[in-house]
Amino acid sequence: MQSTTRRGFLADVGHSMLAVGLGTSLAADLGFSTAFAEEGNDSISLGSHQSLVELMRNTPAEKLQPLLAQLVAKGETSLKDLIAAGALANAVTFGGCDYVGFHTAMAMIPALEMTRKLPVKRQPLPVLKVLYRNSQQIQKAGSSSREALRAFHLAEHLAEHASDADLGVQIRNACRDVDSQLGERLLAKVSKSPRDAFNALQPAVQDDMNVHRFVFAYRTYGLVGLLGDEHSQTLLSQCVRHCCDHERMRIEHKQADPPIRALLPKLLDQYRLTDRPLGQRDPGDTAVLELSHAIYTGPRDRAAEAAAAALAEGISPEVVGEAISLASNLYVLRQGSDKSRVHGDSAGVHSSDATNAWRNMARLAETRHAISGLIVAAYHAGIQSAPFDTPAYPLDEHSALITVDSPERLLAVTEDAIRNNEQGLATAAIQVYGNRGFEVDPVLNLMLKYAVSEDGRLHGEKYFQTVCEEYKTTRPAFRWRQIVALARVTASSYGYNREDKHGFRAAGYEEACHLLGVEA
């Protein structure tokens, strides 16, 4: 059956390849440059990304990928522009309220970061992988027939809700009332800069325990940096909707108020942290391990209090964040046997990604939000699981299997272990590698290969970036724990698709390799 709508017709005409590459006048003649404007004044302004967004929202993934690969090969677009357009297509379609949609959005900046570590010919692979997933979900959601976000006209609402109270608290309260329209209007009043708007979102982001609201907020702010201030309201308003949606589901399931809503103000008052400046003290390796252990073992309210007490003692937020990160890392290293699935939405990956987001948000936030955010991070670190009884990987029995000592042979053992899903052997080889003082980049290059090729259950890109960042910000005595954990997650994920069936690679990956002329 032939398309009958204008958008359907445009999607069929070469799937918009000409519209993206032939110039603005011909694109206008074809209908692309005004595509969104013709739909009414409430459509989101997409600026220079409009044609690519239109292409991505109206083209099935299997047809989109060759077009994007060709555009990149001809130099008619950049990987940065592809991610920017993909982020806008995602925002307009889902508005932060679709599970696969927001996971895909969270993977976009990490995918772009991956490109910088790859040989030139392979650089498009992580971007094409994420955009393939993006397109699949957009088409599943109804493509251009669905627009979750509409343009917000601030001038129409300047007189509304003109309270002098903290806008961040007002936004949080709007999210508690599941009033996304009010939350977005309040956010739009924070007009100084995207960073001020991001700070205003912090009370809402900190108001419940969900890894996605944390990581989505942080990664969305990263997309603002990529696309520019003009798209700040479009992108950050998704965080309001995401928090409202999470609150709606909590209410529908008749769940109690999150304990953090009472615990956080109590700890801030108890330790007099409300107006306290950030400390700079580093108490040393032993104290960091002790704090990490306290956060890991919990229970959760005690973990939050341990972080609050450390901040009150003048310990640097970087050090407190480091201890939380090491606690999260233990959820990867100690999660059961080789048969455990430690990739995807596992306790360790979720905890590590959330803590990484909080550490980065603390660096961006006002002092009060940095302090409260780290307390929330400590509370959340073990929210998905009680501490595991399994000793940290690798076990002694795994280490006894390592009989080689050169960096090349240790990496060969690691790769063979990954391809056979032998988590213990992979972690043992990398631990020996790190203990010998070898360079980390060859290990990351190996792990990157599989972070790109494997499905990862929507989490591979984020966790790879988490480990890269946490390695750099963890003291030398402990930083290789992050890389060992990445080896375990990589070995767990090899060959598994999103439904945990074995024998698969990431959707679209092999075709992308063929299009680029590189080995799959």
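Residues numbered from 1 in each chain as written. Predicted model: local features only at pLDDT ≥ 70, side-chain atom pairs only at ≥ 80, totals over all residues. Heavy atoms only, no water.

**Quick notes on the overall build of the chain**
And step 1. On a plain count of helices and strands, the chain comes out with 26 helices and zero strands.
And step 2. On the chain, roughly 20900 Å² of surface is accessible, and the fraction owed to carbon and sulfur atoms is 50%. (Helix = DSSP H or I, 4+ residues; strand = E, 2+ residues; numbered from the N terminus. Areas by Shrake-Rupley, 256 points an atom, 1.4 Å probe, with all protein chains shown as cover.)

**Structural notes on the confidence of the model for the chain**
And step 1. Predicted confidence across the chain gives a mean pLDDT of 90, with 87% of residues reaching 70 or more.
And step 2. Low pLDDT (under 50) marks residues 1-41, which in the prediction has 65 contacts with non-local residues, meaning those over four places away or in another chain. (pLDDT = per-residue confidence, 0-100. Contact = heavy atoms within 4.5 Å.)

**Let's talk about the packing of helix α17 (residues 317-333) against helix α19 (residues 367-380)**
And step 1. Where α17 contacts α19, the axes come no closer than 10 Å and their chain directions differ by 15 degrees. By the angle class used here, α17 and α19 are roughly parallel. The interaxial crossing formed by α17 with α19 has left-handed handedness. Residues Pro-317, Gly-321 and Ile-324 of α17 form the contact with α19, whose own contacting residues are Leu-374, Ala-377 and Ala-378. (Axes fitted to C-alpha atoms, helices over the stretch in contact; angles between N-to-C directions. Parallel < 35°, antiparallel > 145°, perpendicular 65-115°, else oblique. Left-handed = near helix turned anticlockwise from the far one by under 90°.)

**A closer look at the pattern of salt bridges**
And step 1. Here the structure, examined in full by the defined rule, presents 26 salt bridges.
And step 2. A salt bridge links Arg-261 to Glu-247; the nearest nitrogen and oxygen atoms lie 2.7 Å apart. Here the residue Arg-261 occupies a position in helix α14 (residues 260-270), and Glu-247 occupies one in helix α13 (residues 232-252), the gap between them amounting to 14 residues.
And step 3. The buried category is assigned to Arg-261, whose relative accessible area is 16%. (Salt bridge = Lys/Arg side-chain N within 4 Å of Asp/Glu carboxyl O. Buried < 20%, exposed > 50% of the residue type's maximum accessible area, 1.4 Å probe, protein only.)

**Examining the side chain of Arg-300**
And step 1. If you trace the backbone, Arg-300 turns up in helix α16 (residues 300-312).
And step 2. Although buried, Arg-300 forms no salt bridge, and the nearest oppositely charged side chain, Asp-301, lies 7.6 Å from it.
And step 3. A distance of 2.8 Å separates a polar atom in the side chain of Arg-300 from the backbone oxygen of Ala-378.
And step 4. From its side chain, Arg-300 meets the backbone oxygen of Tyr-379 in a polar contact 2.9 Å long.
And step 5. Residue contacts for Arg-300: discarding those within four places in its chain leaves Ile-295, Tyr-331, Ala-378, Tyr-379, Ala-381, Gly-382 and Ile-383. (Lys, Arg positive; Asp, Glu negative; His and termini not counted. Polar contact = N/O pair within 3.5 Å; in protein donor to acceptor, adjacent residues only side chain to side chain.)

**Quick notes on the packing of helix α12 (residues 211-227) against helix α18 (residues 347-364)**
And step 1. Look at α12 against α18: their axes get within 9 Å of each other, and the N-to-C directions meet at 45 degrees. When the interaxial angle is binned, α12 and α18 end up oblique. As for the relative orientation of α12 and α18, their crossing is left-handed in sense. Contacts between α12 and α18 involve Val-211, His-212, Phe-214, Val-215, Ala-217, Tyr-218, Arg-219 and Tyr-221 on the former and, on the latter, His-350, Asp-353, Ala-354, Asn-356, Ala-357, Trp-358, Asn-360, Met-361 and Leu-364.

**Topic: empty space enclosed by the protein**
And step 1. A full pass over the atoms with the stated rule returns six cavities of 30 Å³ or more.
And step 2. There is about 130 Å³ of room inside the largest cavity.
And step 3. For the largest cavity, the lining is made up of 17 residues, of which Ala-451, Gly-456, Gly-460, Val-489 and Ser-493 are closest to its centre.
And step 4. Of all the elements in the fold, those that place two or more residues in the lining of the largest cavity are α23 (441-453), α24 (460-473) and α25 (480-493).
And step 5. A total of four residues in the lining of the largest cavity trace back to one element, the largest contributor, which is α25. (1 Å grid on protein atoms, 1.4 Å probe; cavity = no way out; pocket = protein on both sides within 12 Å on 5 of 7 lines; lining within 4 Å. Points joined across faces, edges and corners; volume = space filled by probe spheres on them.)

**With respect to α19**
And step 1. Here α19 contains 14 residues, and its C-alpha end-to-end distance of 20 Å stays within 8% of the 20 Å for a straight helix at 1.5 Å per residue.
And step 2. Where burial is concerned, most of α19 is hidden: twelve out of the 14 residues are buried.
And step 3. By the burial criterion, the buried members of α19 are His-369, Ala-370, Ile-371, Ser-372, Gly-373, Leu-374, Ile-375, Val-376, Ala-377, Ala-378, Tyr-379 and His-380. (Expected span 1.5 Å × (residues − 1).)

**Looking at the environment of Tyr-494**
And step 1. In this structure, Tyr-494 sits in the loop between α25 and α26 (509-516).
And step 2. The buried category is assigned to Tyr-494, whose relative accessible area is 14%.
And step 3. Tyr-494 sits 75 residues away from Arg-419 along the chain, and the two C-alpha atoms are 6.2 Å apart.
And step 4. Setting aside residues up to four positions removed in sequence, Tyr-494 forms contacts with Ile-418, Arg-419, Asn-421, Tyr-450, Glu-454 and His-502.
And step 5. For Tyr-494, the side chain forms a polar contact with the side chain of Arg-419, separated by 3.5 Å.

**Considering the packing of aromatic side chains**
And step 1. One pass over the full model with this rule turns up ten aromatic pairs.
And step 2. Between Tyr-331 and Phe-388 the ring centres are 5.8 Å apart and the planes differ by 75 degrees, which places this aromatic pair in the edge-to-face class. Linking Tyr-331 in helix α17 with Phe-388 in the loop between α19 and α20 (396-399), this pair joins segments that are 57 residues apart in sequence. Taken as a pair, Tyr-331 and Phe-388 share a single burial class, namely buried.
And step 3. One aromatic cluster is present, formed by Tyr-433, Phe-438, Tyr-471 and Trp-480 through successive ring pairs.
And step 4. The ring of Tyr-471 carries the charged tip of Arg-479 above its face, separated from the ring centre by 5.1 Å.
And step 5. Taking the ring centre of Tyr-393 as reference, the NZ or CZ of Arg-488 above it sits at 3.8 Å. (Phe/Tyr/Trp six-rings, centres within 6.5 Å; stacked < 30°, edge-to-face > 60°. Lys NZ or Arg CZ within 6 Å of the ring centre and 35° of its normal.)

**Quick notes on the environment of Ile-315**
And step 1. Along the chain, the position of Ile-315 falls in the loop between α16 and α17.
And step 2. The exposure class assigned to Ile-315 is buried, which follows from its relative accessible area of 7%.
And step 3. Separated by 34 residues in sequence, Ile-315 and Arg-281 have C-alpha atoms that sit 4.4 Å apart.
And step 4. Beyond its immediate chain neighbours, meaning those up to four positions away, Ile-315 contacts Gly-279, Arg-281, Pro-283, Ala-310 and Val-320.

**What about helix α5 (residues 61-73)?**
And step 1. Between its terminal C-alpha atoms α5 stretches 18 Å, which fits the 18 Å expected from 13 residues at 1.5 Å a residue.
And step 2. Regarding α5, the residues found buried are Ala-61, Leu-64, Gln-65, Leu-67, Leu-68, Ala-69 and Leu-71.

**As for the state of the cysteines**
And step 1. Under the criterion given, the structure shown has zero disulfides.
And step 2. No disulfide involves Cys-239; its sulfur sits 6.8 Å from the nearest other cysteine sulfur, which is in Cys-243.
And step 3. A residue is classified by how much of its surface remains accessible, and Cys-239, at 2% relative accessible area, is buried. (Disulfide = S-S within 2.5 Å.)

**Comments concerning the environment of Pro-387**
And step 1. The residue Pro-387 is located in the loop between α19 and α20 in this model.
And step 2. Under the relative-accessibility criterion, Pro-387 is labelled partly exposed at 32%.
And step 3. C-alpha of Pro-387 to C-alpha of Tyr-331: the two residues are 56 residues apart in sequence and 7.2 Å apart in space.

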